[in-house]
Amino acid sequence: MPLEPRFRRVAALHRRFVNRETAFETFDEELSRAGNGPRILNVTGVGGIGKSRLLREFGVRVRGTHRVVALDLQVPAHRQQEDALAVLRMQFGEQGVRFDRYDIAYAVLWQRLHPHFGLTRGELPFVEHSEILTDVLDGAAGVPVFGTAVGLLKLLDKSNASRKRRRHLRESETLQQLDMLPGAELVDAVTFMFAEDLRACSTDKPYLVLIDAYEALGRTAVDDVWLRDLIVQLDRGLTVVASREPLGWEVYDADWRQVIREVPVEGLPMEARLELLTDSGVTDPVQRQVIAQASVGLPFYLHLATDSQADGHVVSQDEIAQRFLQHVSAEERRYLQLLSVARIFDYDLFQGLAAAFQLPGGRLAWEGLTAYSFVYPVRGDCFQLHQLMADMLRVRLSPGTTQDAHQALYLLWNQRATDSVGIREAVFHGLHAGTITNGDLLACADRITACGGTQGIAGLISDLRAHLDGGGDPALEEISACLAAEAAVLLGDSDRINELTPDAQWRLGSGAGARLAVAAAHGRRIAGQTTRALRIYSDVLAVHSGAARRPAGLWAADLHMAQGRFRQAFDLVGRVIGECPPDDGVLRGDLARLLHLALRFSYDFTAADRHLQEAALYYRQAETIVGEALITTNRAELLAWTDPFAAITVAHEAAEVNTDLGAIHEVGKAYSALGQALLALGRLTEASSALDSACAALEKARYRSGRARAELLRACLHARCEKPDLAAASARWAVDELLDAEVYPTLIVVADHLLEIVDRPDAKVSMAALRAWEAIEPIDSRGALENRMTHYLRGLLG
């Protein structure tokens, strides 16, 4: 019997016999109950029992009345939260669901993970299917688009989108808050927006979500937490999850018992087995009886027996499989064994693998293989072997041949590794071939991060973890820890970073060990643990000789600058520049801008301007939107000292561009510069308003040191307004914050001078200023630095 009619015949038998009729009756009941909260039908049964086929039949059953979408978790790319949402979004979108809020939220998440690039049609997986993002890009008229919620909504106002849709999006409270969310919360918000859009479109037509191969996610609570978070929000339809064992989610929350209904799928009863074999051409009644008995009712083995024309001598499932392998030609058997090593494959991979083992690999052979019942399409032109068949075939390969097949697939995937999926498959086979080096593995991780952010790297980490759990090289444990920590850094999740990187003796001689240490230092720095972070960065610099030195050097120099050790910062920047690749414009721009900051906090504004111009040139060459926005803020801050009139225009520009980028802390700094310029010009009421805006933004961004600097400017404003008590209170508050954050000792000295000028000396602040002078390493001399600070402070006070 041909393949598709045979599937339909099994589906009909499923419905006719008691064990399958129960499943369909339960499905209909649950479908009728859906729409008032999450409902989950959990189809359980051993591999090969027909769960996948049953899910397909559920979908066919209601396709005319429901929107039907499916996830196959055997496909590696479907196992990560953002990728799975994108797959579901595409399928729902093809059935008329609009995802305006989700599309914007997804674009914001993508931008957060790729901060130096603008949004383009070629980057997002569904931009051509998204009317809202198409409107945004069309409205931009070729100007680079930076994906923040504020910026995208502003562009939408200029687009051809209807007024009603624009108002609907502007009024979304969650969208308005996206730019303020830390990375991990932003991922959750994207899921929330997906569910909200789906909910809004479910009044006219309910939906059915089919999720197959749940066990492919893994065995720990962390592996499936994203799926639980998604399903609990799918409250206007029915979700069907196929798994080998019951989901068991009630261990996390007892309320799951109220929404999950299990349907165990058993083997076909004897009558159904015999009927299927008869319809499939097995005419001998004795042969039918023996095959039916040996199959234990699993459709997979019944199909296999039919494919192989097994005779009446088979007595077990293993013998059915063995007879099948004897039935096919030696060449075809070899193809199948080699393909069992691949997770997914297409015709080109089949040809390449055949050539590697000196097999013909023509189109006729390919069509013969893909006609079997256990070879099924998974995405695009790719196919996959049924899990039972793949397992059965792999054990019949020798270890050496298995390793050779992995090596061949590693080379083939490497040739086509242009996206995160291809790179991930190359790494998977490289790990099992034992030929991918630690350096290559880290390089592949960097490439995946560049094109997929956390979305792609999470899949690689999952594969690496599974490889290690299966007895892989323990030396890879450090790389696994490194990649997990770096993924948390991408999201700015300091709690998660510090959880993954407890204080330890870092193995700084290796690339992975040094990168793990740098990630740990980032976690401490983001959490405000400045001294601990600097210690780790410095250790990496002292011991490591590889590429991890450069980020460690940059951030160590930044912290030296922030703590007033200007000479050390300059020396360290010089060392990093000497090791920096000529084409790394972003890093060179960061280093030049760091020198600008060191000179600006030394009140040497002429030299500071020179390095700011150098940084601007590097950022322009690198075409980094973020870098150019940073330059605008820094220029406003510099002009506030040197040309207050010019600073006003630039500060407004900095506030606007950083608002579009969602860089709230930079917006706060821009308003601080505006307040300082207005203060210097004696426009005190306007200065007060600007500083209020600065403080509000900096508090929202939780940027403590920036907020302390704004308060010190407010102290100067109070002094200009002849309110010495308020000036003293603001200065003392600013000093307390700077001391707690362990940064900017020159500002502590300035605060002490200010308290003397307003005749409100403070012993605590004076002592802090003495300690600050002990920490400061001036670029020239203490006397010269003190003269500049006093001169500019008196100028600010009028």
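Everything below is about the structure printed above this text.
Residues numbered from 1 in each chain as written. Predicted model: local features only at pLDDT ≥ 70, side-chain atom pairs only at ≥ 80, totals over all residues. Heavy atoms only, no water.

## Things to note about the environment of Arg532
Alright, step 1. Assignment of secondary structure puts Arg532 in helix 26 (residues 530-543).
Alright, step 2. Among the residues examined, Arg532 registers a relative accessible area of 32% and is labelled partly exposed.
Alright, step 3. It is 9.8 Å that separates the C-alpha atoms of Arg532 and Ala520, two residues lying twelve residues apart in sequence.
Alright, step 4. For Arg532, the residues in contact, after removing those within four places along its chain, are Asp503 and Arg524. (Helix = DSSP H or I, 4+ residues; strand = E, 2+ residues; numbered from the N terminus. Buried < 20%, exposed > 50% of the residue type's maximum accessible area, 1.4 Å probe, protein only. Contact = heavy atoms within 4.5 Å.)

## So, the nonpolar core
Alright, step 1. With 157 residues, the main nonpolar core has Phe345, Leu385, Leu441, Met561 and Leu754 as its most contacted residues.
Alright, step 2. Residue contributions to this core peak at ten residues, all from helix 22 (residues 438-469).
Alright, step 3. Apart from the residues within four sequence positions on either side, Leu754 is in contact with Leu712, Ala715, Cys716, Ala719, Ala731, Leu793 and Leu797.
Alright, step 4. Formed by 57 residues, the second largest nonpolar core is a distinct cluster that contains Tyr102, Trp110, Cys201 and Leu217. (Core = buried A, V, L, I, M, F, W, Y, C linked by side-chain atoms within 4.5 Å.)

## What to know about the pairing of strand 1 (residues 39-44)
Alright, step 1. When you tally the buried positions in strand 1, you get six out of six residues, the bulk of the element.
Alright, step 2. Of the two faces of strand 1, the one lined by Arg39, Leu41 and Val43 and the one lined by Ile40, Asn42 and Thr44 are each fully buried.
Alright, step 3. When strand 1 meets strand 4 (residues 237-243), the two strands line up parallel, connected through six bridges. Paired with Asn42 across the two strands is Val241, which belongs to strand 4.
Alright, step 4. Examined bridge by bridge, strand 1 and strand 5 (residues 260-264) share five bridges and lie parallel to one another. Across the sheet, the residue bridging to Val43 is Val263, located in strand 5. (Pairing = 2+ DSSP bridges.)

## Digging into the side chain of His596
Alright, step 1. On the secondary structure map, His596 appears in helix 29 (residues 585-600).
Alright, step 2. The buried category is assigned to His596, whose relative accessible area is 0%.
Alright, step 3. From its side chain, His596 meets the backbone oxygen of Ala608 in a polar contact 3.0 Å long.
Alright, step 4. Setting aside anything within four residues of it in sequence, one finds His596 in contact with Ala608, Asp609, His611, Leu612, Asn634 and Leu638. (Polar contact = N/O pair within 3.5 Å; in protein donor to acceptor, adjacent residues only side chain to side chain.)

## Digging into the side chain of His78
Alright, step 1. Note on placement: His78 falls in the loop between strand 2 (67-72) and helix 4 (81-93).
Alright, step 2. For His78, the side chain forms a polar contact with the main-chain oxygen of Asp72, separated by 3.3 Å.
Alright, step 3. Ignoring any residue separated from it by four or fewer positions in sequence, one finds His78 in contact with Leu71, Asp72, Leu73, Ala84, Val87 and Trp226.

## What about the sheet that holds strand 4?
Alright, step 1. Taken in spatial order, the five strands of this open sheet run 2-3-4-1-5, and their pairing is parallel. Two strands bound the open sheet, and with one partner strand each, they are strand 2 and strand 5. Strand-to-strand, the axes of this sheet are offset by a mean angle of 20°, without reference to chain direction.
Alright, step 2. This element, helix 3 (residues 51-62), spans strand 1, strand 2, strand 3 (207-212) and strand 4 of the sheet and lies at about 170° to strand 3.
Alright, step 3. Packing of helix 4 onto the sheet brings it into contact with strand 2 and strand 3, and relative to strand 2 it is tilted by some 150°. (Axes fitted to C-alpha atoms, helices over the stretch in contact; angles between N-to-C directions.)

## Quick look at the packing of helix 25 (residues 511-526) against helix 26
Alright, step 1. The geometry of helix 25 relative to helix 26 is characterised by a closest axis approach of 8 Å and an angle of 160° between their N-to-C directions. It follows from the interaxial angle that helix 25 and helix 26 lie roughly antiparallel. As for the relative orientation of helix 25 and helix 26, their crossing is left-handed in sense. Contacts between helix 25 and helix 26 involve Ala514, Ala517, Val518, Ala520, Ala521, His522, Arg524 and Arg525 on the former and, on the latter, Arg532, Ala533, Ile536, Tyr537 and Val540. (Parallel < 35°, antiparallel > 145°, perpendicular 65-115°, else oblique. Left-handed = near helix turned anticlockwise from the far one by under 90°.)

## Focus on helix 32 (residues 644-661)
Alright, step 1. An ideal rise of 1.5 Å per residue puts 26 Å on 18 residues; helix 32 measures up with 25 Å between its terminal C-alpha atoms.
Alright, step 2. Every buried residue of helix 32 is accounted for by Pro644, Ala647, Ile648, Val650, Ala651, Ala654, Ala655, Asn658 and Leu661.
Alright, step 3. On its buried side, helix 32 packs onto helix 31 (625-642) and helix 33 (664-680).
Alright, step 4. Among the residues trailing helix 32, Gly662 stands out with phi positive, at a value near 75°. (Expected span 1.5 Å × (residues − 1).)

## So, the pattern of salt bridges
Alright, step 1. Summed over all chains, the structure comprises 45 salt bridges.
Alright, step 2. Close ionic contact of Glu30 with Arg33 constitutes a salt bridge, the shortest N to O distance being 3.1 Å. Residue Glu30 and its partner Arg33 are located together in helix 2 (residues 18-33), separated by three residues, close to a single helical turn.
Alright, step 3. Taking the relative accessible area as the measure of exposure, Arg33 reaches 46% and is therefore partly exposed.
Alright, step 4. For Arg709, the salt bridge is made with Glu637, and the minimal N-O distance between the two is 3.5 Å. Linking Arg709 in helix 35 (residues 704-720) with Glu637 in helix 31, this pair joins segments that are 72 residues apart in sequence. When sorted by exposure, Arg709 lands in the same class as Glu637, which is buried.
Alright, step 5. Here the residues in one salt-bridge network are Arg101, Glu196, Asp197, Arg199, Asp235 and Arg236, joined through shared partners. (Salt bridge = Lys/Arg side-chain N within 4 Å of Asp/Glu carboxyl O.)

## A closer look at the environment of Val240
Alright, step 1. Along the polypeptide, Val240 turns up in strand 4.
Alright, step 2. For Val240 and Asn42, which are 198 residues apart along the polypeptide, the C-alpha to C-alpha distance reads 5.9 Å.
Alright, step 3. Setting aside its immediate chain neighbours within four residues, Val240 contacts Phe27, Leu41, Val43, Leu55, Phe58, Leu208, Val209, Leu210 and Ile211.

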